Amino acid sequence: MLARSGAGESTFVGCTIVARNYLSFARVLSSAWAKQHEQVPFVVLVIDDDVEMRPAEHENQEFVRPEEIGIDPGELDQMRGIYDVAEMTTALKPRFVRHLLERGSGAVVYLDSDMDLLGPVHELAETARTSGVALSPHLFGPPPTDAFLTEIDYAMYGQYNSGLIAVGASAREFVDWWARRTRWDCLFDEPAGLHADQRWLDCVPVYFEHAVIGDAGLNVAAWNLHERPFALEGERPTVAGVPLRAFHFAGFDPHRPERVTAYAPSTYDNEPILLKVRHHYAERLLAAGYDQYREIPYRYRSTASGRPLGRWDRLVYREALMAVSANGGPEIPGPFDASRSEEFERMLAHPRSLGVLTLPQLGALENARVRLRNGGWDRRRLVTAIDLRLRARLR
């Protein structure tokens, strides 16, 4: 179902990844894509999909399941046990991009589901075709002291935002490398140097052919509003003198459109043009079933016995799988295998009893246990710290 040029050569495809509770975002983005790119496909990967939950918005929209994108079933099952919903959404990204390239597209444009398109992005696909990888930087220049985030934050989160990336058919080496790195290491664990799939992109300028997206109208978000002033050209919003084409609504609550993001207060909450953009987006999200979809729980949040899968459980499982993958050993019980639920519970209670974990792994797990007890893995604590820091600056 790929769009083709007059010469018969595949052009490009757009895509996003969601869990079922984010389907309203996918529906809004798909509709915006169809409005801007007539006859160009848009494919949505739903990581915990039900067949009946595929509400196609237009003829070029397609919904797929992880089982349909060429992942080994055993590997997919393990990744579901290792990663929580946010991590799994990002861990599947390089595999999804590779699948779409293998279907014949000349380029794939990936957008996070919480992004809205107000203009076409054809040139992103062309850039990816000619340069291999098109990266979207968080910022174009040094942030001021009162910016949403500082260089220290980007040292943790990465210089490039993986919520907008375009990949051409010539970049298979990059996609394969990115898929290998996110097989085990797609955690939200900034103290360990990981921010899901994103920190890996910092390596791209050294390893692979690439281009950096320099259009200020693309991937506008809370973190770069200080360098992208809004204006109107007729009825159309512009930023830094160019048309606004893609706004990234990270942390946006449609029931509180007066806030740019729930992550932290912003000096741009009352910017009138942006406020109008936010209200329009909020209306469409709510009309697309935001409240209904948000109530749907993540399918892989619990074990086969009904035990919630917490961070500790997923970490122990990950370390055990990595040990066996590297050194051999017994088959590790998985969280979704009802026939081995008791074994899985014993493994979580006594990781050392497996006999496969190395001393460094056991030390890493003990360190993780301490961090978890102290709230070090609770991202809400990080948000609160950012919030307090910004409030102090904005006084």
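Worth saying up front: this structure is predicted, and the values here are computed from it rather than measured.

Engineer: Hey, could you go over the layout of surface pockets for me, with residue numbers and the actual values?
Structural biologist: Considering only enclosed or pocket space, the second largest pocket measures out at about 490 Å³ in volume. If you list the elements that add at least two residues to the lining of the second largest pocket, you get α1 (23–36), β5 (115–117) and α9 (272–287). Of the residues forming the lining of the second largest pocket, the biggest block, 6 residues, is contributed by α1.

Engineer: Could you give an account of helix α13 (residues 359–373), naming the residues involved and the relevant values?
Structural biologist: Counted at 1.5 Å a residue, the expected span for α13 with its 15 residues is 21 Å, and the 21 Å between its end C-alpha atoms agrees. Of all the positions in α13, only Gln361, Leu362, Leu365, Ala368 and Arg371 are classed as buried. For α13, the elements touching its buried residues are β8 (188–189) and α11 (311–327).

Engineer: Run through the packing of helix α2 (residues 73–82) against α11, naming residues and quoting values.
Structural biologist: Look at α2 against α11: their axes get within 8 Å of each other, and the N-to-C directions meet at 140 degrees. Our classification of the angle between α2 and α11 gives oblique. In this structure, α2 uses Gln78, Arg80, Gly81 and Ile82 to contact α11, whose residues at the interface are Arg314, Tyr317, Arg318 and Leu321. Here the residues of the contact of α2 with α11 sort into 3 nonpolar, 2 polar and 3 charged.

Engineer: How would you explain the side chain of Thr89 if you had to name every residue and give the values?
Structural biologist: One can find Thr89 in helix α3 (residues 85–91). The exposure class assigned to Thr89 is buried, which follows from its relative accessible area of 14%. Excluding residues that lie within four positions of it along the chain, Thr89 makes contacts with Ile17, Val18 and Ile47.

Engineer: Explain the packing of aromatic side chains to me, and be specific about the residues and the numbers.
Structural biologist: Aromatic ring pairs are described here by two measures, namely the spacing of the ring centres and the angle between the planes. For the coordinates displayed, the defined rule picks out 18 aromatic pairs. Where Trp177 meets Phe208, the ring centres are 5.4 Å apart and the plane angle is 55 degrees; that geometry is what we call tilted. Of this pair, Trp177 sits in helix α7 (residues 172–184) while Phe208 sits in the loop between α8 (204–207) and β10 (211–212); the two residues are 31 residues apart in sequence, bridging distant segments of the chain. Like Trp177, the residue Phe208 is buried in the burial classification. The interplanar angle of 75 degrees and the centroid separation of 5.8 Å between the aromatic rings of Tyr298 and Tyr300 together place this pair among those described as edge-to-face. In terms of burial, Tyr298 and Tyr300 fall into one category: buried. Three or more aromatic residues joined by ring pairs form one cluster here, namely Phe174, Trp177, Trp178, Trp200, Tyr207 and Phe208. One residue, Arg183, lies across the ring of Trp184, its end atom 4.0 Å from the ring centre.

Engineer: A description of the sheet that holds strand β11 (residues 230–233) should follow, citing residues and the corresponding values.
Structural biologist: A sheet is described by the order of its strands in space; here 3 strands give the open sequence β11-β12-β13, paired in antiparallel fashion. Of all strands in the sheet, those bounded by a partner on one side alone are β11 and β13 (242–243). Pairing of β11 with strand β12 (residues 236–239) involves 4 bridges; the strand directions are antiparallel. From the neighbouring strand, Leu232 faces β12, where its bridge partner is Pro237. On the sheet, α9 packs against β11 and β12 and is oriented at approximately 80 degrees with respect to β11.

Engineer: How would you explain helix α12 (residues 341–349) if you had to name every residue and give the values?
Structural biologist: Regarding α12, the residues found buried are Ser341, Phe344, Met347 and Leu348. An end-on view of α12 places all buried positions within 120 degrees of arc, on one side of the element. Buried residues belonging to α12 abut α11.

Engineer: An account of the pattern of salt bridges is needed here, citing residue identities and associated values.
Structural biologist: The full count for this structure, using the stated rule, is 25 salt bridges. In this structure, the salt-bridge partner of Arg98 is Asp176, at a minimum N-O distance of 2.8 Å. Here Arg98 is found in helix α4 (residues 93–102), whereas its partner Asp176 is found in helix α7, with 78 residues between them in sequence. Overall, the relative accessible area of 23% leaves Arg98 in the partly exposed class. Note on Asp176: relative accessible area 22%, which makes it partly exposed. Its salt-bridge partner being Asp116, residue Arg284 comes within 2.8 Å of it at the nearest N-O pair. Taken together, the residues span a long stretch of sequence, with Arg284 in helix α9 and Asp116 in strand β5 at a distance of 168 residues. Residue Asp116 is classed as buried on the basis of its relative accessible area of 3%. A single salt-bridge network, built from bridges that share partners, covers Arg98, Glu102, Arg172 and Asp176.

Cut-offs applied
Residues numbered from 1 in each chain as written. Predicted model: local features only at pLDDT ≥ 70, side-chain atom pairs only at ≥ 80, totals over all residues. Heavy atoms only, no water. 1 Å grid on protein atoms, 1.4 Å probe; cavity = no way out; pocket = protein on both sides within 12 Å on 5 of 7 lines; lining within 4 Å. Points joined across faces, edges and corners; volume = space filled by probe spheres on them. Helix = DSSP H or I, 4+ residues; strand = E, 2+ residues; numbered from the N terminus. Expected span 1.5 Å × (residues − 1). Buried < 20%, exposed > 50% of the residue type's maximum accessible area, 1.4 Å probe, protein only. Contact = heavy atoms within 4.5 Å. Axes fitted to C-alpha atoms, helices over the stretch in contact; angles between N-to-C directions. Parallel < 35°, antiparallel > 145°, perpendicular 65-115°, else oblique. Nonpolar A, V, L, I, M, F, W, Y, C, P; charged D, E, K, R; others polar. Phe/Tyr/Trp six-rings, centres within 6.5 Å; stacked < 30°, edge-to-face > 60°. Lys NZ or Arg CZ within 6 Å of the ring centre and 35° of its normal. Pairing = 2+ DSSP bridges. Arc of directions from axis to C-beta. Salt bridge = Lys/Arg side-chain N within 4 Å of Asp/Glu carboxyl O.

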